[in-house]
Amino acid sequence: MIIDLKKINIKQVLMLFGSNILLIIIGFGIKKIQTQELGEINYGEYAFFIAFINFIVLFFRFGFFVSIQNLLALNNNPIREKKILGLGFIIALINGFVFSLFLWLSSFFINDIFHTSAGDLLRSFAPLTIIFPFQFLFNAYGSGTNKIKLNAWYNILPKFLFIFFLLFCLLFKSIDLKNVILLNLISTLIIITFYFFKLKPIFSSLKKYWNIIWIKNKKYGFHYYKGAITNQTTYKLDGLFLSAFFNTSLLGFYSLALLITSPMLSLSDSISKSMFKKYAGLQKIPKEVFVINTIWLLGCMLFFYLFSEFLVQLLFGTDFIEVAEYTFYLTFVLFFHGLSKPFAFLAAKSKGKELKKVSYLEAFFNITGNIILIPIYGIKGAILASLLAKIANFIYIRYFYKQYLKSNL
């Protein structure tokens, strides 16, 4: 079998991959500071705070950002691009305001439901959480326009600022739970403001472009959203279930295991993002994508099998050695997750209804698996539930890809 690397933009893939690895390295540095300075209990509270926000924000997309991404992939007019981006900023701002209001209201109830004290933190920081929907906007803009550098730097720069602020506070021994959260949110807000002035969105013809996005959203985006919201929220339920059935300390261990294994998806993500605009004009996924992706995933599984315990001790110390027990098991989940990444091809082809069906099936396995397995097996139950869900996702999305190929012969 001859592999033609020209079918893949290797330069873009390596740029994204390198930025993802750098992001993970910075993330390790951040987690090392957090775990050492906050301790097991406070770090668990921090992990819950972030997990809860990242879970809830998934509801505040409504399909608009994937619709924007799809429209940008088909667009070659730079002025139209800026106008779509301008409306995207407004949509993200409105979503962010409603999202922060929801978090503030929910803060009065979550302490009793999840056995945590994070409700007080949510009340304090709810106004700053208005920034979270912007991650979907920048991801859509970067992938849709094939401006991969934007994706790379938007992910890295907030983390650079965050670790810089943490190190500064470390010098003055002023790191506590509230400071860590504040610095995290402020870092992202600074970068969003920077990109607003750098990208220069155009806020004209808003009604015209709203109508275009609304039509696209009805035909594609909202179908994609319904599927994505079902599968992604149920996939993230494991962290909340661990807090509800056990405690936030166990969630802290689980979040660290996810962080350590996160490099596995970095190359798969990089290939999919760099290929998205190209997918819009292709009739099938190049075989080179599948070959490189599979070799990478298998290599990662072998690496984590050999070095998980060493990595945990190096990064977090012996107090968190329990994390090593879960890392290799998680690689099986990420293997099937990574195998599904190339099928972003279907999103580029606006196959929202098909992707919705895939997401519904994965959600079924996530919900039933988490409800049954987490109370019995804890973290191992969460991993097994995720594995079953990702296998189902891979089988079903591959089926729809084969159906697409048959209908376009």
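Note: the structure precedes this text.
The shown structure was predicted, so the numbers you read here are calculated from the model rather than taken from an experiment.

1. Let's talk about the overall build of the protein chain
Here comes step 1: When you go through the protein chain residue by residue, the secondary structure sums to 16 helices and zero strands.
Here comes step 2: Rg of the C-alpha trace for the protein chain: 21 Å, near the compact-globule value of 22 Å for 409 residues, within the 12% margin.
Here comes step 3: Taken along the three principal axes of its C-alpha coordinates, the protein chain extends 55 × 50 × 35 Å.
Here comes step 4: Counting all 409 residues of the protein chain, 54% fall into the buried class.
Here comes step 5: In the protein chain, once contacts between residues fewer than 6 apart in sequence are set aside, the share between residues at least 24 apart is 85%.
Here comes step 6: Total accessible area on the protein chain is roughly 18,300 Å²; 68% of this is exposed by carbon and sulfur atoms.
Here comes step 7: Across the protein chain, the 40 positively charged side chains and the 17 negatively charged ones have centroids separated by 20 Å.

2. Observations concerning the packing of aromatic side chains
Here comes step 1: Under the criterion given, the structure shown has 37 aromatic pairs.
Here comes step 2: Relative to Tyr-404, the ring of Phe-345 lies with its centre 5.4 Å away and its plane at 75°, an arrangement referred to as edge-to-face. In this pair, Phe-345 is assigned in helix H14 (residues 345–348) and Tyr-404 in helix H16 (residues 379–407), connecting sequence segments 59 residues apart.
Here comes step 3: We note Arg-123 situated over the ring of Phe-108; from NZ or CZ to the ring centre the distance is 4.7 Å.

3. Quick look at the packing of helix H5 (residues 118–125) against helix H8 (residues 177–199)
Here comes step 1: Two elements in contact, H5 and H8, have axes separated by 11 Å at closest approach and are oriented at 40°. Regarding the angle of H5 to H8, the classification is oblique. Considering only the axes of H5 and H8, their crossing is right-handed. Each of Leu-121, Ser-124 and Phe-125 in H5 lies in contact with H8, whose residues at this interface are Leu-177, Lys-178, Ile-181, Leu-182 and Leu-185.

4. Some words on the side chain of Asn-217
Here comes step 1: Take Asn-217: it is sitting in helix H9 (residues 206–245).
Here comes step 2: A residue is classified by how much of its surface remains accessible, and Asn-217, at 3% relative accessible area, is buried.
Here comes step 3: Residues contacting Asn-217, with those up to four places away along its chain left out, are Phe-62, Gly-63, Phe-64, Ser-67, Phe-222 and His-223.

5. Side note on the nonpolar core
Here comes step 1: Core analysis: the biggest nonpolar cluster contains 120 residues, and Phe-138, Ile-260 and Phe-316 have the highest contact counts within it.
Here comes step 2: Examining the composition of this core, we find that 17 residues originate from one element, helix H1 (residues 10–56), more than from any other.
Here comes step 3: When near neighbours in sequence (up to four residues on either side) are disregarded, Ile-260 contacts Phe-28, Phe-304, Leu-311, Val-312, Leu-315, Phe-316, Val-323 and Thr-327.

6. Focus: the layout of surface pockets
Here comes step 1: Counted as a void, the largest pocket has a volume near 170 Å³.
Here comes step 2: Phe-17, Ile-21, Ile-24, Ile-25, Phe-28, Ile-260, Pro-263, Trp-296, Cys-300, Phe-303, Phe-304 and Leu-311 together form the lining of the largest pocket.
Here comes step 3: For the lining of the largest pocket, the secondary structure elements donating two or more residues are H1 and helix H12 (287–316).
Here comes step 4: Of the residues contributing to the lining of the largest pocket, the split by class is twelve nonpolar, no polar and no charged.

7. Looking at helix H11 (residues 266–279)
Here comes step 1: The end-to-end C-alpha separation of H11 is 19 Å, in line with the 20 Å expected for 14 residues at 1.5 Å each.
Here comes step 2: By the largest-angle criterion, Lys-273 marks the main kink of H11, which is about 25°.
Here comes step 3: Of all 14 residues making up H11, ten are buried, and the element is well covered by its neighbours.

8. Some thoughts on the environment of Pro-133
Here comes step 1: Relative to the elements of secondary structure, Pro-133 occurs in the loop between H5 and helix H6 (134–145).
Here comes step 2: Residues Pro-133 and Phe-276, 143 residues apart in the sequence, show an inter-C-alpha distance of 21 Å.

9. Thoughts on the packing of helix H13 (residues 324–340) against H16
Here comes step 1: Direction vectors running N to C along H13 and H16 enclose 15°, while the axes themselves pass 8 Å from each other. When the axes of H13 and H16 are compared, the pair comes out roughly parallel. Pair H13 / H16 crosses with left-handed handedness. Along its contact with H13, which presents Glu-325, Tyr-326, Tyr-329, Leu-330, Phe-332, Val-333, Phe-336, His-337, Leu-339 and Ser-340, the element H16 presents Ile-379, Lys-380, Ile-383, Ser-386, Leu-387, Lys-390, Ile-391, Asn-393, Phe-394 and Ile-397.

10. Observations concerning unusual backbone geometry
Here comes step 1: Of note, the phi angle at Lys-200 is positive, near 55°, even though the residue is not glycine.
Here comes step 2: Mapped onto the secondary structure, Lys-200 falls in the loop between H8 and H9.
Here comes step 3: Since its relative accessible area comes to 58%, Lys-200 is described here as exposed.
Here comes step 4: At Ser-205, a position not held by glycine, the phi torsion is positive, near 55°.
Here comes step 5: Residue position: Ser-205 is located in the loop between H8 and H9.
Here comes step 6: Relative accessible area serves as the criterion here: at 34%, Ser-205 is assigned to the partly exposed category.

11. What about a nonpolar patch on the surface?
Here comes step 1: Taken together, the side chains of Ile-94, Phe-97, Val-98, Leu-101, Trp-104, Leu-105, Phe-108, Phe-109 and Ile-113 define a hydrophobic patch exposed on the protein surface, amounting to about 910 Å² of accessible area.
Here comes step 2: Considering each element in turn, the nonpolar patch owes the most residues, six residues, to helix H3 (residues 78–106).
Here comes step 3: Its place among the elements puts Trp-104 in helix H3.

Thresholds applied
By convention here, each chain's residues receive numbers from 1 onward along its written sequence. It should be noted that, the model being predicted, local features are given only for residues of pLDDT at least 70 and side-chain atom pairs only at 80 or more, the latter also being counted only at that level, while totals for whole chains, interfaces and linings use all residues. The side-chain numbers reported here are obtained from all heavy atoms of the structure, hydrogens and water having been left aside. To qualify as a helix, a DSSP run of H or I must reach at least 4 residues; to qualify as a strand, a run of E must reach at least 2; elements of each kind are numbered from the N terminus. A radius of gyration in this sense is built from C-alpha atoms; the matching globule rule multiplies 2.2 Å by the number of residues raised to 0.38. Three labels apply to residues, based on accessible area from a 1.4 Å probe with only protein chains included: buried if under 20% of the type maximum, exposed if over 50%, partly exposed otherwise in between. Residues are treated as being in contact if the distance between any of their heavy atoms lies within 4.5 Å. The Shrake-Rupley method, run with a 1.4 Å probe, gives the accessible areas here. Residue values count only the displayed protein chains as cover. This count recognises Lys and Arg as positive and Asp and Glu as negative, with His and chain-terminal groups excluded. Positions of charges follow a simple convention, taking NZ of Lys, CZ of Arg, CG of Asp or CD of Glu. Between the rings of Phe, Tyr and Trp (Trp by its six-membered ring), a pair exists once the centres lie within 6.5 Å; its type follows the angle of the planes, with under 30 degrees stacked, over 60 edge-to-face, and the other angles tilted. Should the NZ of a Lys or the CZ of an Arg lie within 6 Å of a ring centre and within 35 degrees of the ring normal, that charge is described as sitting over the ring. Each axis is a line fitted through C-alpha atoms, and for a helix only the stretch in contact is used; angles between axes span 0 to 180 degrees, taken between their N-to-C directions. The scheme is simple: roughly parallel for angles under 35 degrees, roughly antiparallel for over 145, roughly perpendicular for 65 to 115, oblique for anything else. Crossing handedness follows the turn of the near helix against the far one: under a right angle anticlockwise gives a left-handed crossing, and clockwise gives a right-handed one. Only buried residues count toward a nonpolar core, which is a set of Ala, Val, Leu, Ile, Met, Phe, Trp, Tyr and Cys residues joined through side-chain atoms within 4.5 Å. Note on definitions: the grid is 1 Å and covers protein atoms alone; a cavity is a set of points where a 1.4 Å probe fits but cannot get out; a pocket is an open set with protein on both sides within 12 Å along at least five of seven lines; lining residues have an atom within 4 Å of a point. Grid points are joined across faces, edges and corners, and a volume is the space filled by probe spheres set on the points. Residues are grouped as follows: nonpolar covers Ala, Val, Leu, Ile, Met, Phe, Trp, Tyr, Cys and Pro; charged covers Asp, Glu, Lys and Arg; every other residue, Gly included, is treated as polar. By this rule, a helix spans an expected 1.5 Å times one less than how many residues it contains. In this scheme, the bend at a residue equals the angle between the axes fitted to the seven residues that finish there and the seven that begin there. Patch membership requires over 30% relative accessible area and the absence of a salt bridge. Like charges are linked within 9 Å, and nonpolar side chains (Val, Leu, Ile, Met, Phe, Trp, Tyr) within 5 Å. A side-chain nitrogen of Lys or Arg and a carboxyl oxygen of Asp or Glu constitute a salt bridge if their distance falls within 4 Å.

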